Amino acid sequence: MTDVNKESISVLNDLIETCKDGQEGFKTCAEDIKHPELKTLFVQRSADCATAAAELQAQVRSLGGDPETSTSVSGDLHRRWVDVKAMFTGKDEEAVLNEAERGEDHALKAYREAIEKINKHNLVGIKDLVERQYHGVQRNHDQVKALRNQARANS
């Protein structure tokens, strides 16, 4: 296996963990919220993250690597924190949206770091896929932030 493939696989596996974190995080948000439209949104976002992870896993396999299949430790900790916080806040919309936005902030940071590594190591084979997914994460983040701001204005 070439060094480029090894580096590409490492970058992609980090993003798979991020996607798995998002999948589980949005699933938790969907379980914690009563508002039907937000529940639907979070279920869809969870599915989108699962699709992104599967796409990255397929790319890792095509490069000859073993794809990551689990969430990160920090993602597990984040979800537990969401659960604990939700017990005390009564799982109101703004609190759940704040957590969703925090998760999306983490995802954006992970994708930006991946793009920096891709550019630094000239990993052109994975650049289009990662950039396309990054734009999706940015769109999700902006939507969650707008909903959070709306919930904040209504409270």
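Scope of this entry: the structure provided in the associated data block. On a predicted model such as this, the values are computed, not experimentally measured, just so you know.

With respect to the helices, strands and loops of the structure, R148 is situated in helix α5 (residues 124-154). A distance of 2.5 Å separates polar atoms of two side chains, one belonging to R148 and the other to N149. Residues within four places of R148 in sequence aside, it is in contact with E94, L97, N98 and E101.

Right, let's get into the nonpolar core. In this structure, L12, L15, L56, Y111, I126 and V130 are the most contacted members of the largest nonpolar core, which totals 24 residues. When residues of this core are assigned to their parent elements, the largest contribution, seven residues, is made by helix α4 (residues 93-121). One finds F26, A30, I33 and L41 within the second-largest nonpolar core, a separate group that totals 13 residues.

Further remarks concern the pattern of salt bridges. With the rule as written, the count across this model stands at eight salt bridges. Put simply, D14 and K117 hold a salt bridge, and the shortest N to O gap is 3.8 Å. With D14 in helix α1 (residues 3-32) and K117 in helix α4, the pair connects residues that are 103 residues apart, well separated along the chain. Judged by its relative accessible area of 37%, D14 falls in the partly exposed class.

Right, let's talk about the packing of helix α2 (residues 36-62) against α5 for a bit. Following both chains from N to C, one finds α2 and α5 inclined at 170°, their axes separated by 12 Å at the closest point. With respect to each other, α2 and α5 are oriented roughly antiparallel. In this structure, the crossing between α2 and α5 has a hand that is left-handed. Of the residues in α5, those touching α2 at L38, L41, R45, A52, E55, L56 and Q59 are G125, I126, L129, R132, Q133, N140, Q143 and L147. Considering only residue class, the contact of α2 with α5 consists of seven nonpolar, five polar and three charged.

Reading guide: rules and limits
- Residues numbered from 1 in each chain as written.
- Predicted model: local features only at pLDDT ≥ 70, side-chain atom pairs only at ≥ 80, totals over all residues.
- Heavy atoms only, no water.
- Helix = DSSP H or I, 4+ residues; strand = E, 2+ residues; numbered from the N terminus.
- Polar contact = N/O pair within 3.5 Å; in protein donor to acceptor, adjacent residues only side chain to side chain.
- Contact = heavy atoms within 4.5 Å.
- Core = buried A, V, L, I, M, F, W, Y, C linked by side-chain atoms within 4.5 Å.
- Buried < 20%, exposed > 50% of the residue type's maximum accessible area, 1.4 Å probe, protein only.
- Salt bridge = Lys/Arg side-chain N within 4 Å of Asp/Glu carboxyl O.
- Axes fitted to C-alpha atoms, helices over the stretch in contact; angles between N-to-C directions.
- Parallel < 35°, antiparallel > 145°, perpendicular 65-115°, else oblique.
- Left-handed = near helix turned anticlockwise from the far one by under 90°.
- Nonpolar A, V, L, I, M, F, W, Y, C, P; charged D, E, K, R; others polar.

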